[in-house]
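The lines below spell out each chain.
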Amino acid sequence: MQQQLDYAAVRAAADRIAGSVRPVGVVPAAEGLWYALEYLQHTGSFKARGARNFLAAHREAGTLPDAGVTIASGGNAGLACAWAARAQSVPATVFLPANAPRVKVERLRGYGAEVRLHGDRYAEALAACEEFAAASGALSSHAYDHPLIAAGAGTLLDEIRAGLPGLDTVVVAVGGGGLFAGVAAAAREHGVRVIAAEPENCRALNAALEAGRLVDVAVDSVAADSLGATRVSAAALAAAQEKNVRSVLVPDAAITGARRALWEEHRIVVEAGAATALAAVRNAPETMGERVAVVLCGANTDPGDLTAPAE
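Reference entry: report on the structure contained in this document.

### Brief notes about the pairing of strand β7 (residues 169-173)
Counted residue by residue, β7 has five buried out of five residues, so it is predominantly covered. Here β7 shows no split at all, with Thr169, Val171 and Ala173 on one side and Val170 and Val172 on the other all buried. Pairing of β7 with strand β8 (residues 193-199), which is carried by five bridges, proceeds in the parallel orientation. Residue valine 172 lies in a different strand from β8, and its bridge partner there is alanine 196. Following the chain from β7 across helix α7 (residues 178-190) to the adjacent parallel β8, one finds a crossover that is right-handed. Pairing geometry for β7 and strand β10 (residues 292-295), over three bridges, is parallel.

### Here's the deal with the sheet that holds strand β6 (residues 139-140)
If you walk across this open sheet you meet the four strands as β5-β4-β3-β6, and the pairing is parallel. Across the chains shown, the open sheet's two edge strands, defined by having one partner strand only, are β5 (114-117) and β6. Across the sheet, helix α4 (residues 102-110) lies against β4 (92-96) and β5, angled at about 150° from β5, the strand it touches most.

### What to know about the sheet that holds strand β2 (residues 33-36)
Strand order in the open sheet formed by six strands is β1-β2-β10-β7-β8-β9, with mixed pairing between adjacent strands. Here the strands that pair on one side only, and so sit at the sheet edges, are β1 (26-30) and β9 (245-250). Neighbour-to-neighbour, the strand axes of the sheet open up by a mean angle of 25°, direction not taken into account. Two strands pair when backbone bridges link them, and β1 and β2 are joined in this way by four bridges, in the antiparallel orientation. When the bridges of β2 are listed, valine 26 appears paired with alanine 36. This element, helix α12 (residues 272-281), spans β2, β7, β8, β9 and β10 of the sheet and lies at about 140° to β7.

### Quick notes on the packing of aromatic side chains
The tally for this structure, following the rule as stated, stands at one aromatic pair. Between the aromatic rings of phenylalanine 95 and phenylalanine 132, the centroid separation amounts to 5.6 Å while the plane-to-plane angle is 50°, which identifies the pairing as tilted. Taken together, the residues span a long stretch of sequence, with phenylalanine 95 in strand β4 and phenylalanine 132 in helix α5 (residues 122-136) at a distance of 37 residues. The pair formed by phenylalanine 95 and phenylalanine 132 is uniform in burial state, with each residue classed as buried. Cation over ring: arginine 52 sits above tryptophan 83, and NZ or CZ is 5.7 Å from the ring centre. The cationic tip of arginine 267 hangs over the ring face of tryptophan 263; the distance from NZ or CZ to the ring centre is 4.2 Å.

### Points about empty space enclosed by the protein
The full count for this structure, using the stated rule, is three cavities of 30 Å³ or more. Computed from the structure, the largest cavity encloses a volume of approximately 60 Å³. Contributing to the lining of the largest cavity are Lys47, Gly50, Ala51, Ile71, Ala77, Ala80, Cys81, Ser141, His142, Ala143 and Ile149. Among the elements of the structure, α2 (47-61) and α3 (76-87) are those that each provide at least two residues to the lining of the largest cavity.

Criteria and cut-off values
Residues numbered from 1 in each chain as written. Predicted model: local features only at pLDDT ≥ 70, side-chain atom pairs only at ≥ 80, totals over all residues. Heavy atoms only, no water. Buried < 20%, exposed > 50% of the residue type's maximum accessible area, 1.4 Å probe, protein only. Helix = DSSP H or I, 4+ residues; strand = E, 2+ residues; numbered from the N terminus. Pairing = 2+ DSSP bridges. Right-handed = clockwise from strand over helix to strand, strands pointing away. Contact = heavy atoms within 4.5 Å. Axes fitted to C-alpha atoms, helices over the stretch in contact; angles between N-to-C directions. Phe/Tyr/Trp six-rings, centres within 6.5 Å; stacked < 30°, edge-to-face > 60°. Lys NZ or Arg CZ within 6 Å of the ring centre and 35° of its normal. 1 Å grid on protein atoms, 1.4 Å probe; cavity = no way out; pocket = protein on both sides within 12 Å on 5 of 7 lines; lining within 4 Å. Points joined across faces, edges and corners; volume = space filled by probe spheres on them.

Below, the structure is given as C-alpha cells:
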C-alpha cells in the first residue's frame, strides 16, 4: 500500500505553489460555521493546487519533458492540468471520450490544451492517454492518485487555519481522495478533525474503510460528475484509518438541498460535489460548539437549475 502522505510533503507543495494559486478565503456562515471559498480558485476548483505542484516539482527535478503532460479527464483535473501546463510553457494533451460535452472541450482548448477524443467511455480515453504517453514521452498526470497531487491539495488546510484560528474540524467532500488525503495529512499535524463526506451511492472511501482494503464501488449520484471515483486512493484509505477522521455518507436529496441553500442564502454557486461537504455538516451534531470549516471546493457547474423554481 502507498505510504501515508506526510505533512512535510504538504509544506514543500506550499512553497512550490506560493504566489501562483489564490489563497483561500474563509468567511463566517453561521454560528460555529465557516466556509472555505476554494471554488474561487484558478480553473474553478482545488485541483489547480495539485496540478501546479505536480508540474513544478517535475520542473524542479529536471523531469518535465519537452513533450509536456497528458491526462485523461474532462473534468476539473483536466482543466487544472491544462492551466498548470500553460504556466510551465509545456504542452498539455487531454484525452476525453468522443461524447464529452462541447463546453468542456472548448474550455480545455481555451487553456491551450490539445484535446483528443477517443471512444465512448472514460476507460477508452484513459487507454489512449497511456498509449500516447508511452509513445511521446509525455508525463502522465492523474486526477487524484499521486502524492504530489494530493500534497498540493493539502495546502488548503494551513490557509484555512490562518483564516480561522482555533479551527476544530474541517469538512471535505471525497471522490478519489486526493483532496482528503492532503488535507488529512496537514490536519493530523495540527490536531484538527476531518469529516470525509461522500454521497451514499458514491462511497469509495467508506466502502474501503468497511472492507479494510481498496474496493471498487458502483457510482450513481447527483454528485457523480466530480465525486464518481470507483476506487479511492491508497493514501486516502490510510488517512481515513486515523483516529481523528470520520467518514459520513449523505443522500442525494441532502446534497441538492445544501447546494440550493448555498445559492438562496449566500448566492454561492457550487457543484453538487462541493455541496456534499455542507450536506454532511448540516447533520453533524458532534460539531456543535466547535469551529468548523466546510471546504466549498469547486464551481464548474451549470447554475440554471438553481435559478429555476424548486420542484
